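# Inside the fold
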Amino acid sequence: MTLTVRPNDKEKENELASWEGSVEELRGLVSDRAMTGETMLLNMGPHHPSTHGVLRLLLELDGEEIVTCLPDIGYLHTGIEKNIESKTYEKAVTLTDRMDYLSPMSNNMAFCLAVEKLTGLDVPARAQTIRVICLELSRIASHLVWLGTHALDMGAMSVFLYCFREREMILDMFEMLSGQRLMGSYFRPGGVWRDLPAEFLPTLQKFVDIFPSRVNDYETLLKNNPLWRDRTEGIGVVEPDEALALGMTGPSLRGSGVNWDIRKATPYSGYEQYEFNVPLGEHGDVYDRFYVRIQEFHESLKIIKQAMKNIPGGPFRSENRKFVPPPRAELGRSMEAVIHHFKLWTEGFSAPDEEVFVAVESPRGEIGCYLHGTGGTKPRRVHFKTPSFMHISALNKLSAGHMIADLVGIIGSIDIVLGDSDR
Amino acid sequence: MPIANAIDPVESLKAALPDAVKGVKIFRDETTIIVDAAQIEKVMHHLRDTKGLLYNFLSDISAVDYYPDASTPDRPERFGVSYHLYSLLYSRRLRVKVFVPEDDAHVPTVTTVWPGANWLEREIWDMMGIYFDGHPDMRRLLMAQDWDGHPHRRDYPLGYETIMFSFNADEIAKFKPAATN
Amino acid sequence: MGVISSKLGDLGVVTTTLETAVNWGRNGAMWPLLFGLACCAIEMMATQASDYDLSRFGMELNRASPRQSDLIIVAGRVTRKMAPVVRQLYDQMATPRYVIAMGDCASCGGVYNNYAVVQGVDEIIPVDVYVAGCPPRPEQLIHGILTLHERVKGERFNDWIIANER
């Protein structure tokens, strides 16, 4: 009797088998000087304080200078895409939370938009506004962690503590909405899980009042700091067309001056109603990418203020009972509600045997969700194109000729999250 | 310099490379052009460089496994590889799809058109087993280098562990020697 | 604190047992290894930062080197590719070493029951405290750490000798 369905039937020893290769495997990937020993191969291993997660970098060093940087990812590959193939569309939302764990709402958004596009489900205006508020809060929370850890890696440790203090305020609000600080799975196909509780808007108002002065604090600490500028200006420069060709998106691309923000170019969820600017950088170095994100704090606050002022009334989730379960109160009154409830919670709804692609602007860049249905209740294939995946592949170009200390700054500036890149 | 007006990608492609285009599909405002796999690189060069098209950003390369559904004229082969393109100038998206047979699963690479396709194609090799000819570095990306099999194929098992209940607790605990209960 | 056997007036001298003193020392400054893998790492960072401060429990710093740390908080999902790395780090830690499996993925595989995730880090290394949650709140993690402290307080002389062979 097989107890565990293991895909490769090797013995247990091979599971803990050695995972190092030989230098021959690297021929062609690193320069020829490494083969003779003229340059040194250094493993900046999966367990490292500055690699923001389990990223392994194989560095070819000429002294302190990096000749080649080969990233090796997959240490956090969780098989989320394959797991989603065995879950219904509603249950899959909880799995998508855990990919880019710093801004779970963006992943939820990409997946929910794809499901809604595939099934043709409508989203009421109130749900769209709530989604925009949550997405911008999530963007601020994610940028706070980015700023804290980036500054921490470069040696500015107090910024980390300040950023997390603000983040606690945002996480309190998420807890009000969904019951969970992170990983709320608040967005569902058709809208959001439940309506805004009464204490949400006053708390949000308090946050919006306090936060601009806090952002000014961070700017004062870092923006004109000579140490910070020395360590970040001119580092990791990438030209605009090169950045596009490498697949960079989001603030990392806008730091090079390319004006592309999905919220402006192909708006979704009502973003066209809000007025906000898209901050751009000039030189494409670490400092510009840093400053673009600092300005994005202000822009996100602008959007939240506008959205808060007129949240439309109406339902918070689509009323299409073929896809959205009815509220509990209705179950006692209507037979159809009971049937819909039963069908949706046991089997789930069906989606056509077609494919869609949806892209959203997450704090890191463009998350693309490719969804292919089967005509049944479970998807045939979900594929997420995540920004961290593309940015890590660009590390070789970004870090050539710099020193290891600069590499730490570059990794911080492209804002990678390993759960995002490995899924 | 005047900006050219946006032109229809399907017409333009049919005019330039008539034998490459196998079909067109439109679903929910998304255009999919089904293309012959051997000519994908020429198609991509045309789409990226022609005035009026200028699809200069590769958003995603995804692969789909249609197993065990039987081949239909719509889906002639087991695998489908979709290239999602985006044009920054005209703010529009396009999907280019190729079908890849199971026994001869290889497609020319598009890394010459967009270097960003490098890792996307490596992931597809790792997860689906579709080989990309001409790729500079075709190794496994997400799984360990000595892993067997291609996990995202539909006939690859999910690999789950039987859930531990009281009747099979002892047998499962044998796999976890270090667990102190 | 431990049992104060007797206090000699106000000479400033306290007598206690060796076990109490050593366990008190181990509890007071148990340095964790900097080992955050996934989402639980963010909650671990939030626990260490403002609002829920871990420095008050002695865990001011995370040490990057396994030799210099006593505690490994496995925060996040352990994949099959990462499993040998975890084992190697655990082996490199000097005894006494303690393990907290933080979160559902480290305790039992969590939401993921598939080919890529090790179903619980206790398949690889022995775990002292399991903290449930996805991700666990900072208060839950602090509760887990305090549970570990209680366990360490109860360690006896014999445990030290056995611990060296674990």
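Residues numbered from 1 in each chain as written. Chains lettered and ligands numbered in written order. Predicted model: local features only at pLDDT ≥ 70, side-chain atom pairs only at ≥ 80, totals over all residues.

## A look at the overall build of chain C
When helices and strands are tallied, chain C shows 6 helices and 6 strands. In chain C, the succession of helices and strands from N to C terminus is β-β-α-β-α-β-α-β-α-β-α-α. When the 166 residues of chain C are sorted by exposure, 49% land in the buried category. Residue pairs in contact within chain C that sit at least 24 positions apart in sequence constitute 73% of those at least 6 positions apart. (Helix = DSSP H or I, 4+ residues; strand = E, 2+ residues; numbered from the N terminus. Buried ≥ 20, exposed ≤ 12 C-beta atoms within 10 Å, placed from the backbone. Contact = placed C-beta atoms within 7 Å.)

## So, the sheet that holds strand β2 (residues 30-35) of chain B
All names here are of chain B. Strands sit in the order β1-β2-β5-β4-β3 across an open sheet of 5 strands; the sheet is mixed. Each end of this open sheet is capped by a strand with a single partner; those strands are β1 (21-27) and β3 (57-65). Here the strands of the sheet are splayed against their neighbours by 20° on average, with no regard to which way each runs. Pairing geometry for β3 and strand β4 (residues 79-87), over 8 bridges, is antiparallel. Bridged to Val64 within β4 is Gly80. Where helix α3 (residues 117-128) meets the sheet, its contacts fall on β3 and β4, and the angle it forms with β3 comes to roughly 5°. (Pairing = 2+ DSSP bridges. Axes fitted to C-alpha atoms, helices over the stretch in contact; angles between N-to-C directions.)

## Some points on the confidence of the model for chain C
All names here are of chain C. Residue-level pLDDT values for chain C average 84, and 89% of them are 70 or greater. Considering each helix and strand of chain C separately, the mean pLDDT is smallest for strand β1 (residues 6-7), with a value of 57, and largest for strand β6 (residues 129-131), with 92. Interface scoring of the predicted complex returns ipTM 0.89; its pTM is 0.90. (pLDDT = per-residue confidence, 0-100.)

## Considering the interface of chain A and chain C
Counting residues at the interface gives 31 residues for chain A, matched by 30 residues for chain C. Elements that contribute at least two residues to the side of chain A that touches chain C include exactly α2 (80-84), α3 (89-96) and α6 (157-178) of chain A.

## Looking at the nonpolar core
If you look at the biggest cluster of nonpolar residues, it comprises 211 residues, and the most contacted ones within it are C:Val74, C:Ile100 and C:Met102. When residues in this core are grouped by element, the largest group, 14 residues, is from helix α5 (residues 125-153) of chain A. (Core = buried A, V, L, I, M, F, W, Y, C linked by C-beta atoms within 7 Å.)

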